Amino acid sequence: MEIARKTQQAKENGARSSHRGHNRDPPSTSGTAPAMGGMPFHSTPGMDDGRISSQHGDPNDPEWKIRIRHKQQRLLLLHHSSKCPYEDQKCKVTPYCAEMKKLWKHMARCVDNDCRVPHCFSSRSILSHYRKCKDLRCPACGPVRETVRKTMRSNSDNNRKNRGADVTSSGIDGIGLGGLGNEVDLMNQMPQGNNYIVNPQDMQRQEVASMPYGAPQSQSGNHGGGMPPQFGNHVFPEALVNGAQKGASAGQKRQRDPESSKSKHKQQRLLLLRHASKCTVPTGTCTVTPHCAEMKVLWRHIANCKEPQCNVKHCMSSRYVLSHYRKCKDPYCDICGPVRDIIKNRADTYIHDPTFNPAVQEKTSNHPSNNEDIKTKRQKTSHKTTSAPDQAQNQKEVCVPVPTSGEENRAKSTDVKPVQKGAAVSEEHSLLECFSLQQIKTHIESLKKTVQVAPAKLKAKCLEVLTGLQTHEHGWVFASPVDPVELNLDDYFDIIKKPMDLGTVQKKLEAGSYHAFGEFKADVRLTFDNAMKYNEDGTLVHNMAKELKKQFEMDYKALMKQLEKEHREESKKAQACGLCGCEKLNFEPPVFFCNGLNCPSKRIRRNTHFYITSDKQYAWCTQCFNEMDNEIDLGTSKITKEELNKRKNDELHEESWVQCDDCERWIHQICGLYNTRQDKENKSSYSCPLCLYEKRKKEKDSPKQLPPAPSANDIPKTKLSDWLEKDVVKKVKVRLDEIAKEKSETENISFDKAYKEVACCGSITIRQVTSTDRKLEVREKMKARYAHKNYPDEFPYRCKCIVVFQNIDGVDVILFALYVYEHGDDNPFPNKKTVYVSYLDSVHFMKPRQIRTFIYHEILISYLDYARQKGFEQAFIWACPPLKGDDYIFYAKPEDQKTPKDVRLRQWYLEMLTECQKREVVGKVTDMYDQYFNNKELDASCVPYFEGDYFPGEAENIIKTIEDGDGKRKSSVGKKKKDASKKDRSTSTDVEGSGDKCFREGGRDPVMQKFCDAIGGMKESFIVAFLNCPDAKPENLVVPEDILEYRKAKLESVKGDIDADKKNDDNQITKGAHTKVLDDDIEEIDCEFFNTRQCFLDLCRGNHYQFDELRRAKHTSMMVLWHLQNREAPKFVQQCFSCNREILSGYRHHCTVCPEFDLCGECVQSPNANRGTCTHKLEPIKVESTSNSNNGLTPEQRKERQRNIQLHIHLIEHASRCVNPECKSSNCAKMKAYLKHGESCKTKASGGCKVCKRIWTLLRIHAQQCKNPNCTIPQCIAIKKRLRQLQQKQQAMDDRRRQEMNRHYRMGMMGN
């Protein structure tokens, strides 16, 4: 069976849209009445007030008879299953006994009026009616009671044996939780003919309408709203049917309410008008309803009618009901609710009968696909209706059981679903398919409220428990730290290695130091364990600590039970995710940066208007837009201001949902680790973690071999990443041993137990994702000022990006990223043999948390060790924390992860470098101020010049200030000084001018002097470390005395170990040549979205890849790994405007007028698809499927690929210059055709054109290497301009960071 994908995106009203009939608030609609044909219709669980009670009605109405039969059948099935002595699947009376027994077990404990378990609420409703009904002539209850009494009399002996054990307090007249007599003989009397077979479709339609009048209704749609086909095909006992008919003829007849009849007419009018607005068949030939032609005439009249008192028949009443429909926001409205519900399930099926009742939904339609909603699975999406092929009804079907839920609050349903034989099902579309049973369980547990809890809630809940301990009569004893001096406890710190008290716990809570309940629990326990350890058993303090610890364990257990209960209750809600229990979850608001000249790279404020290009790559605030010229140069293209779209920065995006194919529950895509990019055809099956867990449990005895999970290990290794990973993993193992030893001593447990608790973390994987050659162009003023010293125009360097993963609950989660720039031996002075640590960023999900800083330090130490062995002499670090609201590498970090202050960040780096000195990796550690700026013999041309560093931007400003000062001084010559302030200013200018003149004559460089003034108070932030490389000078290896003493002590104790380590380290660099690892210094590792930190941030922002929660970090890492393994795939994909699914294959139908409007192939063919306000012609654009990247290539294939790229670049250079129409080169004409295609193609590379993408890649590589300012190759100059713009954008952001640092320093100086 072809299964349609179930993903849904958040709608503008913030409510989740689904085709399963979930309760939701309808969005407000606007427009004129005739626009009803295009408005979205939303399902509501409301019912027609005109419905009558299910036990009363017209006995001649066939629909009434069916409802009565359904109720009688349900009562008899429930009665039989409550008394049946047979085990599951062994009952010979009815094949549905086992299902009904499970339903009984669920109902015994279920009190939820919104229960989503199939048949629960409707069964409870009919049982409640049966218990309360006193009418002996009730057509529903009377025949059942009479039949039960006859059966009980005929089986009186058996009834006496079972009655005492099975009757419950809830049973009245024998009906309750097993209160009826044995029905075996009655079931055996069921006729086998088809005279009384109940249509399963009718059963689903009648279930809500057949509830007792006034009873609350289930709002869970099909999850709990209809009997499955198995029950529907059951037959009634003939005697019971006859009895029902007799009871109905003799029963009381209830008159229909006039208001109910009016509501029904209004509902019918709405459906008829909607059908007429959409019907495309010629007038008079419609087979759906005989009123179609009349309604079409009325619809056309309404479209133009503006008369307040129109006399045309039905005009006023139709306009009134249409106006009410547009404005109504009540999901339970008697008129609109049922109409929206019916339209959601194909309204045309039900409108042709003049006596049609929307709440009942009669089955008299002759629509060809009337039964497809039952036969096929989820054919519809939120705003469109698609019909299955007619022949699907004739295909042979096989019923397969549905895996049960596994949640305590869900019944273990064994419903079956029709599935076509031979249906193709994808097995690798979900990462969950690769999980083991334990990994799935751990993932489910990690989503519960006891684990995923907001920092504020964690603090509040823990404070409740802590307050209970502090207010205890013995709480004062443990309220403050132990003072060994005051209490004369000389041996206290010898026995207690880690002191703790309740006051310290409270301070840590208030400071937000705890990130999980387990950390709080460990510290509180430690407080009492320390007291019990130091004080002997039987002493007063020991007994107090023992009592309080017992009290804490009880309170903590109660807290966990409370959170578990809250999670279960929230998970049961119809609108809640079945895993995390949350409903609507919003992403971080999108961030837009202005590209204008006045505020380059500044954030556009929220709730303000701005202008953006159609591809969302460029944006301008209102002020910059007003000041721009009409023509805008984007580097690679030019546009006009009219082509920009005006938007308001108030967008909020909701997390997407996905529906499980097994249990049909809705869950967040992030919670379910669902990858939409792999489900290209939207036809892959998907099992949620709960269902998958049940499958794995059933396979426990004979487990299948799981497919390999996509992981960070699939990314090719490089020499650098291999070195880092081996070194760090080895150090981490030693560190874990130390922590476990300390833990065993502190908590008085065995080392093995302590190590098991500490080493529960997953494996660490380190990979290099980028290694590309770049060029840093020197800024204009710096280049011009020092041109007489032959200052270079550019500095080539190698950009490398290191990413660290840790396996958490089966997912390789990105936790750390590092960008470094290596200026090799081929660089001109002063950048020769230098490395610059550009950016690093992390999120605090590392496990165990206490080794987080240790691992990050080890990565940097190991990298510097690698660099020194490669011959690099100096390492430079600018210790500058990000600005508030800014992200360095990871987008949207956790709320409780604090940004370090500049002092703490400097200390963090210096601690790392101190460890480097101890290991003889680094020699002298100094700063830029002492090394360069304060040296009077040096000028600014001797200072290293790095991309993104403080120096380049500040040097431009200082040079500009000096040049402006010279101009002012020259213009002021000969003018009189009017006041003292002008005189002082003139004197200052003369000093600056004379200083610059002195510099040109060989004196002190004023730029260096101004740098000394600028960074003197923050000089510790500009760190310079001299590496212990083979060519290092002795004066650069000087270290403090304490470091020398440490080295000597270490050398004497582990001399042999250090020699062995050095040999191993030397071998590790050379070993890479003999293993399947890439040489990151030779081979180009190009990753479009990791080449710069800004590219990665753009990828994350555009796709809502966030790191603020562990569950989101897992999903983000899964998607980033997919992008890394499919590097040719587009970073962003278009979504269908109607169904909100990502268009990954086939054609996307794009509107060239409306911004961001695309429809998928299914929706463009559906007349019911939501097109919003777009009425333009759509242009089909082919979406190219992408293959995997070159990750699986052998070294020889990779070298061949690089050689082919260079050959194609040379061919492009030749073809662009060649003017000979009869060129001898066989590929010249073909390349010319490709270049011509690139100029004329409307799809472009961004739209998915493969030819354009390949040509564009070659042109980009050429442009990065090209030094000709007048290059004739097409787009070369434009690409270089675009790259320069990107570089300027990054420079603007770095300048803003530098300016904020200067401002912060000056404010601090003024405060002092």
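To be clear, the structure that these remarks concern was listed above.
What this report covers is the structure whose coordinates are included nearby. (Residues numbered from 1 in each chain as written. Predicted model: local features only at pLDDT ≥ 70, side-chain atom pairs only at ≥ 80, totals over all residues. Heavy atoms only, no water.)

1. Quick word on the overall build of the protein
Quick note on the threshold: A run of H or I in DSSP counts as a helix once it spans at least four residues, and a run of E counts as a strand once it spans at least two, with each numbered from the N terminus. Type-normalised accessible area, obtained with a 1.4 Å probe on protein chains alone, sets the label of each residue: buried when under 20%, exposed when over 50%, and partly exposed for intermediate values. What makes two residues a contact is simply this: any of their non-hydrogen atoms within 4.5 Å. For accessible areas, the Shrake-Rupley method is used with a probe of radius 1.4 Å. Any residue's cover is judged against the shown protein chains and nothing else.
A tally of helices and strands in the protein yields 40 helices and 19 strands. By residue count, 52% of the 1312 residues in the protein fall in the buried class. Expressed as a percentage of contacts within the protein between residues at least 6 apart in sequence, the contacts between residues at least 24 apart total 71%. Carbon and sulfur atoms provide 50% of the accessible area of the protein, an area that totals close to 62,300 Å².

2. Concerning the packing of helix H18 (residues 502–510) against helix H19 (residues 517–534)
Operational definition: Working convention: axes come from line fits to C-alpha atoms, limited for helices to the stretch in contact. Angles between N-to-C directions cover 0 to 180 degrees. These descriptions rest on fixed angle ranges, namely under 35 degrees for roughly parallel, over 145 for roughly antiparallel, 65 to 115 for roughly perpendicular, and the rest for oblique. Should the near helix be turned anticlockwise from the far one by less than a right angle, the crossing is termed left-handed; should it be turned clockwise, right-handed. Classes in brief: Ala, Val, Leu, Ile, Met, Phe, Trp, Tyr, Cys and Pro nonpolar; Asp, Glu, Lys and Arg charged; the others, Gly included, polar.
One can describe the packing of H18 onto H19 by two numbers: an axis separation of 9 Å at closest approach and a directional angle of 165 degrees. Taken together, H18 and H19 sit at an angle that is classed as roughly antiparallel. The two elements H18 and H19 cross, and the hand of that crossing is right-handed. Across the interface between the two elements, Leu502, Val505, Lys508 and Leu509 of H18 pack against Phe520, Asp523, Val524, Thr527 and Phe528 of H19. Among the residues forming the contact of H18 with H19, the class breakdown is 6 nonpolar, 1 polar and 2 charged.

3. Some points on the pattern of salt bridges
Where charged atoms from two side chains of opposite charge approach closely, those side chains can pair. So the rule is basically this: Every case where a carboxyl oxygen of Asp or Glu lies within 4 Å of a side-chain nitrogen of Lys or Arg is listed as a salt bridge.
Using the criterion set out here, one finds 45 salt bridges in the structure. Taking the shortest distance from any N to any O, the salt bridge between Glu519 and Arg849 comes out at 3.2 Å. With Glu519 in helix H19 and Arg849 in the loop between strand E13 (834–842) and helix H26 (852–869), this residue pair connects regions lying 330 residues apart in the sequence. Using a relative accessible area of 26% as the deciding quantity, one classes Glu519 as partly exposed. Salt-bridge contacts for Glu915 lead to Arg919; the nearest nitrogen and oxygen are separated by 3.2 Å. Given a relative accessible area of 30%, Arg919 falls into the partly exposed group. When salt bridges with common partners are traced through the structure, they connect Glu655, Asp1108, Glu1109, Arg1111 and Arg1112 into a single cluster.

4. Focus: the nonpolar core
Rule in force here: Within this scheme, the nonpolar core is defined by two criteria: the residues are buried Ala, Val, Leu, Ile, Met, Phe, Trp, Tyr or Cys, and they are joined through side-chain atoms within 4.5 Å.
Met782, Leu864, Tyr909 and Phe1090 are the most contacted members of the largest nonpolar core, which totals 145 residues. With 10 residues, the top contributor of residues to this core is strand E12 (residues 811–823). Setting aside its immediate chain neighbours within four residues, Met782 contacts Tyr791, Ala940, Ser941, Tyr945, Phe951, Ala955, Glu956 and Ile959. Listed in part, the 26 residues of the second largest apolar core include Val505, Ala545, Phe552 and Leu559.

5. Considerations on the packing of aromatic side chains
What counts is decided by this rule: Two rings belonging to Phe, Tyr or Trp (six-membered ring only in the last case) form a pair when the distance between their centres is within 6.5 Å. Interplanar angles under 30 degrees mark stacking, angles over 60 mark edge-to-face geometry, and anything in between is tilted.
A complete count under the given rule lists 34 aromatic pairs for this structure. Between Phe795 and Tyr945 the ring centres are 5.9 Å apart and the planes differ by 25 degrees, which places this aromatic pair in the stacked class. Of the two residues, Phe795 sits in strand E11 (residues 794–808) while Tyr945 sits in the loop between helix H28 (928–933) and helix H29 (950–971), which places them 150 residues apart along the sequence. We note that Phe795, like Tyr945, is buried. Between the aromatic rings of Phe816 and Tyr856, the centroid separation amounts to 4.7 Å while the plane-to-plane angle is 20 degrees, which identifies the pairing as stacked.

6. Structural notes on helix H12 (residues 315–327)
Short version of the rule: The span expected for a helix works out to 1.5 Å for each residue beyond the first. Picture the helix axis, draw a direction to every C-beta atom, and the arc is the one those directions span.
Under the 1.5 Å per step criterion, the end-to-end length of H12 is 18 Å for 13 residues, consistent within 8% with the ideal 18 Å. By the burial criterion, the buried members of H12 are Cys315, Ser318, Val321, Leu322, Tyr325 and Arg326. For H12, the buried positions fall inside an angular range of 140 degrees around the axis, keeping them on one side. Residues Tyr320 and Lys327 are exposed on H12 and point more than 90 degrees away from its buried face.

7. A few points about the sheet that holds strand E18 (residues 1158–1159)
Selection criterion: By definition, two strands form a pair when at least two bridges between them are found by DSSP.
As summarised here, the arrangement of the 3 strands in space is E18-E17-E19, forming an open sheet in which the pairing is antiparallel. The sheet is open, and its two borders are formed by E18 and strand E19 (1178–1182), each paired with just one other strand.

8. Comments concerning the pairing of strand E17 (residues 1147–1151)
Where E17 and E19 come together, 5 bridges link them in antiparallel fashion. Residue pairing across strands places Cys1151 opposite Leu1178, the latter belonging to E19. In this sheet, E18 lies alongside E17 in antiparallel orientation, the contact comprising 2 bridges. Within E18, the residue paired with His1150 across the bridge is Asp1158.

9. A few points about the environment of Leu938
In this structure, Leu938 sits in the loop between H28 and H29. Its relative accessible area of 22% is what places Leu938 among the partly exposed residues. The spatial distance from the C-alpha of Leu938 to the C-alpha of Asp1005 is 7.7 Å, given a sequence separation of 67 residues. Ignoring any residue separated from it by four or fewer positions in sequence, one finds Leu938 in contact with Gln931, Tyr932, Arg1004 and Met1008.

10. A word on the sheet that holds strand E3 (residues 609–612)
Pairing within the open sheet is antiparallel, and its 3 strands lie in the order E4-E3-E7. Single-partner strands in this sheet number two, and they are strand E4 (619–621) and strand E7 (645–648). Here the strands of the sheet are splayed against their neighbours by 35 degrees on average, with no regard to which way each runs. Where E3 and E4 come together, 3 bridges link them in antiparallel fashion.

11. Digging into the environment of Cys133
Tracing the backbone through its elements, the reader meets Cys133 in the loop between helix H3 (120–132) and helix H4 (141–154). Cys133 gets classed as buried once you look at its relative accessible area, which sits at 13%. Look past the residues within four positions of Cys133 in its chain and what remains in contact with it is Cys138, Cys141 and Arg145.

12. Considerations on the packing of helix H16 (residues 455–470) against helix H20 (residues 540–571)
Each pair of packed helices can be summarised by the angle the axes make with each other and by the distance between the axes. Where H16 contacts H20, the axes come no closer than 10 Å and their chain directions differ by 150 degrees. On the basis of their axis angle, the class for H16 and H20 is roughly antiparallel. In the packing of H16 onto H20, the handedness of the crossing is right-handed. In contact with Lys457, Lys461, Val465 and Leu469 of H16, H20 contributes Leu548, Gln551, Phe552, Asp555, Leu559, Gln562, Leu563 and Glu566.

13. Focus on unusual backbone geometry
Geometrically, the link from Phe829 to Pro830 is a cis peptide bond, its omega value of 10 degrees lying close to zero. Tracing the backbone shows Pro830 in the loop between E12 and E13. Backbone torsion omega between Lys847 and Pro848 reads -10 degrees, so that peptide bond is classified as cis. Relative to the helices and strands, Pro848 resides in the loop between E13 and H26. One non-glycine residue, Asn488, adopts positive backbone phi at about 60 degrees. If you trace the backbone, Asn488 turns up in the loop between H16 and helix H17 (492–495). The backbone phi angle of Glu920 is positive, close to 60 degrees, even though this residue is not glycine. When you line up the elements, Glu920 lands in the loop between helix H27 (902–918) and strand E15 (922–927).

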